[in-house]
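Structural description and commentary
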Amino acid sequence: MLPEKAHFAPEYEPDLMRAVSDSMPKSAWRIDESTPKGSKNGFYTDAVDIREGRRGGIYLFRRWFDNPENFLLPNDPNALPADRKAVLELAEEEEALSKNFPSDVPVRDRVRWRRWKMAEAVANSRNDTVLGRASFLQEHAENDIDCWFDLTNPSFDFMVLRQMIDQARSPLPQQTVANGGLAAVPGMTLRVWELPVLGGRYVGGMDVAKGVTTGDASCLEVLNARTGMFVAELYGRANIDTATLGTCRVMEAYNKGLLAIESTGLGVGAVLAARRYGYADLYRRDWKEVAKAGREVKWGWETTRHNKMQTFLDFQEAVGKGLVQIPNLELVRELQSYNPDDDKDQQDDRVMAAMIAYQARLVRPGLAQPQGSSERREAKVLLPERKYSYVGR
């Protein structure tokens, strides 16, 4: 057993793991046990790879309330003064969480323990409520999403992500999706939270990968341009042509919405595949903007060192202000660990696709109004727009 693996110093971890492997019989099992410590360590990488089936192993997750010793009676000296009574009034969050509690201990006794530990964590964080709460949930996990929150690099607002976790929901049944005109794509997983709506405006952002089983995945995130909800996702490790063909067909089902493909590197092949397919509304940079810089007008969303940080900041603001809705738990997981300064060793396929979709939405005038509207005031605009012109097709 390797206890507290997440707390190993990163610079020593590779040598240590090799030494452990060399000292074990080949038929032996190794148990890695730890409280989480962000996502920039081998413990997180191994846990996620096992959970998602990218490597062998058994993924076990234990919540604080699975420990029968984690409770406080009203007369316990550790109980907060306001909680030293038999009956507690539960907050809405506590009420929802208590539905997951085992029945071996009364709910109020577990809630009393939680309040004590939460107050202790806040005090240890110099009375910073947000940081203290995040510290509590890392040390005393309640789910396997926000316990991985990186306290050293909170790219997205922790409390907002917590609300997204609470509001997340399962995608629609596959039969419902098929009846809605969305076909399965070989080698890809299609998940839908909202079927296309007549007159709805949609934007798709696509992040492209090689299509190898152990590498990054290609991903399409579909954004409802009016409501700000991410309504569908196509995700998998099919080859570029298959992934792009599937992406085009999904976007055609979503009223032939604007499709922005990340065109840097491997994305060039996806852009060419989409053009060969004849997809009608493929994102292209403003020709006037490009002409001023003396550059060729290119198809697709080109990520550069100049626009990558702005793309992140715009999406960070949208998440923080509630301008986007994310029912997709897997996307929330990636938001929790995303670091815009880290170009390697992070799982960000969904985040990149979502940021590209949102950014394309910002620079495309008129997407906030329903199809067929002749006047802007007819639409209820829920998302901001950038005052850029756009060249289609």
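Residues numbered from 1 in each chain as written. Predicted model: local features only at pLDDT ≥ 70, side-chain atom pairs only at ≥ 80, totals over all residues. Heavy atoms only, no water.

Digging into the pattern of salt bridges
Filter applied, for reference: One side-chain nitrogen of Lys or Arg within 4 Å of one carboxyl oxygen of Asp or Glu is enough to make a salt bridge. For every residue, the accessible area (1.4 Å probe, protein chains only) is compared with the maximum for its type, and the residue is labelled buried under 20%, exposed over 50%, or partly exposed between those bounds. Every helix listed is a DSSP run of H or I at least four residues long, and every strand listed is a run of E at least two residues long, numbered separately from the N terminus.
Applying the stated criterion across every chain yields a total of 25 salt bridges. A salt bridge links Arg-63 to Asp-66; the shortest N-O distance between them is 3.0 Å. Since its relative accessible area comes to 25%, Arg-63 is described here as partly exposed. Taking the relative accessible area as the measure of exposure, Asp-66 reaches 27% and is therefore partly exposed. Note that Asp-241 is salt-bridged to Arg-276, the shortest N-O span being 3.4 Å. Remark: Arg-276 occurs in helix H9 (residues 267-277) and Asp-241 occurs in helix H8 (residues 240-253); sequence separation between them is 35 residues. Residue Asp-241 is classed as partly exposed on the basis of its relative accessible area, which comes to 43%.

Quick word on the environment of Asn-70
Quick reminder of the rule: Residues count as neighbours in contact if any of their non-hydrogen atoms are within 4.5 Å of one another.
The residue Asn-70 is located in the loop between helix H2 (42-51) and helix H3 (92-98) in this model. Residue Asn-70 is classed as buried on the basis of its relative accessible area, which comes to 12%. Leaving out residues up to four positions away in the same chain, Asn-70 has contacts with Trp-64, Arg-110 and Trp-113.

Let's talk about the sheet that holds strand E6 (residues 230-236)
This is how the line gets drawn: Each pair of strands is called paired provided DSSP finds at least two bridges between the two strands. For helices, the fitted line uses only the C-alpha atoms of the stretch in contact; every axis is such a line through C-alpha atoms, and the angle between N-to-C directions lies from 0 to 180 degrees.
With mixed pairing, the five strands of this open sheet are ordered in space as E3-E6-E5-E4-E7. Among the strands making up the open sheet, the edge pair consists of strand E3 (188-192) and strand E7 (258-261). Adjacent strand axes in the sheet meet at a mean angle of 15°, parallel and antiparallel pairs treated alike.

Points about the packing of helix H4 (residues 107-124) against helix H5 (residues 129-139)
The condition is simple: We call two directions roughly parallel when the angle between them is under 35 degrees, roughly antiparallel when it is over 145, roughly perpendicular when it lies between 65 and 115, and oblique otherwise. A crossing counts as left-handed when the near helix is turned anticlockwise from the far one by less than a right angle, and as right-handed when that turn is clockwise. Ten residues, namely Ala, Val, Leu, Ile, Met, Phe, Trp, Tyr, Cys and Pro, are considered nonpolar, four, namely Asp, Glu, Lys and Arg, are considered charged, and the remaining ones, Gly among them, are considered polar.
Taken N-terminus to C-terminus, the directions of H4 and H5 make an angle of 125°; their axes are 8 Å apart at the nearest point. The angle between the axes of H4 and H5 places the two elements in the oblique class. Where H4 crosses over H5, the handedness of that crossing is right-handed. Between H4 and H5, the residues in contact are Trp-113, Arg-114, Lys-117, Met-118, Ala-121 and Val-122 and Thr-129, Gly-132, Arg-133 and Phe-136, respectively. For the contact of H4 with H5, the residue count by class is five nonpolar, two polar and three charged.

Overview of unusual backbone geometry
Of note in the backbone geometry, Glu-4 takes a positive phi value of approximately 50° without being a glycine. Tracing the backbone shows Glu-4 in the loop between strand E1 (2-3) and helix H1 (13-23). Take Glu-4: its relative accessible area is 29%, and that puts it in the partly exposed class. With a phi angle near 55°, Lys-256 is a residue other than glycine that sits in the positive phi range. Inspection of the secondary structure puts Lys-256 in the loop between H8 and E7. What makes Lys-256 exposed here is its relative accessible area of 56%.

A few points about the nonpolar core
Selection criterion: By nonpolar core is meant a set of buried Ala, Val, Leu, Ile, Met, Phe, Trp, Tyr and Cys residues that side-chain atoms within 4.5 Å join together.
The biggest cluster of nonpolar side chains holds 35 residues, and the ones touching the most others in it are Phe-156, Phe-230, Phe-315, Ile-326 and Leu-335. Listing elements by their share of this core, those giving two or more residues are helix H6 (158-167), E7, helix H11 (308-320), helix H12 (329-337) and helix H13 (349-363). The element contributing the most residues to this core is H13, with 10 residues. Among all residues touching Phe-156, those that are not within four sequence positions of it are Phe-149, Leu-161, Phe-312, Phe-315, Gln-316, Val-319, Leu-335 and Tyr-338. Core analysis: the second largest hydrophobic core is formed by 31 residues, Leu-220, Val-231, Ala-232 and Ala-270 among them.

Quick notes on the confidence of the model for the protein
The following threshold applies: You can read pLDDT as the predictor saying how much it trusts each residue, on a scale of 0 to 100.
On average, residues of the protein score 84 in pLDDT, and 87% of them are at 70 or above. The spread of mean pLDDT over the elements of the protein runs between helix H10 (residues 287-292), the lowest at 56, and strand E5 (residues 218-224), the highest at 97. For residues 372-382, every residue scores under 50 in pLDDT, and the model assigns this stretch 17 contacts once sequence neighbours within four places are set aside. Low pLDDT, under 50, characterises residues 386-393; the predicted model gives this stretch 25 contacts beyond four residues in sequence or across chains.

Regarding the packing of aromatic side chains
For the record, the criterion: We call Phe, Tyr and Trp rings a pair once their centres come within 6.5 Å, taking the six-membered ring for Trp, and we label the pair stacked below 30 degrees between planes, edge-to-face above 60, and tilted otherwise.
On inspection of all chains with the given rule, the structure shows 12 aromatic pairs. The interplanar angle of 80° and the centroid separation of 5.3 Å between the aromatic rings of Trp-64 and Phe-65 together place this pair among those described as edge-to-face. Both residues of the pair, Trp-64 and Phe-65, count as buried. Look at Phe-312 and Tyr-338: their rings are 5.9 Å apart centre to centre, the planes differ by 45°, and that puts the pair in the tilted class. On the criterion of sequence distance, the pair formed by Phe-312 in helix H11 and Tyr-338 in the loop between H12 and H13 is long-range, its members being 26 residues apart. Grouping residues by exposure puts Phe-312 and Tyr-338 together as buried. One aromatic cluster is present, formed by Phe-156, Phe-230, Phe-312, Phe-315, Tyr-338 and Tyr-358 through successive ring pairs.

As for the pairing of strand E4 (residues 202-207)
Summarising burial for E4: six of the six residues are buried, a large majority. Going residue by residue along E4, you find Tyr-202, Gly-204 and Met-206 tucked away on one face and Val-203, Gly-205 and Asp-207 tucked away on the opposite face as well. Bridge count between E4 and E5: six bridges; the pairing is antiparallel. Of the residues in E5, the one forming a bridge with Met-206 is Leu-220.

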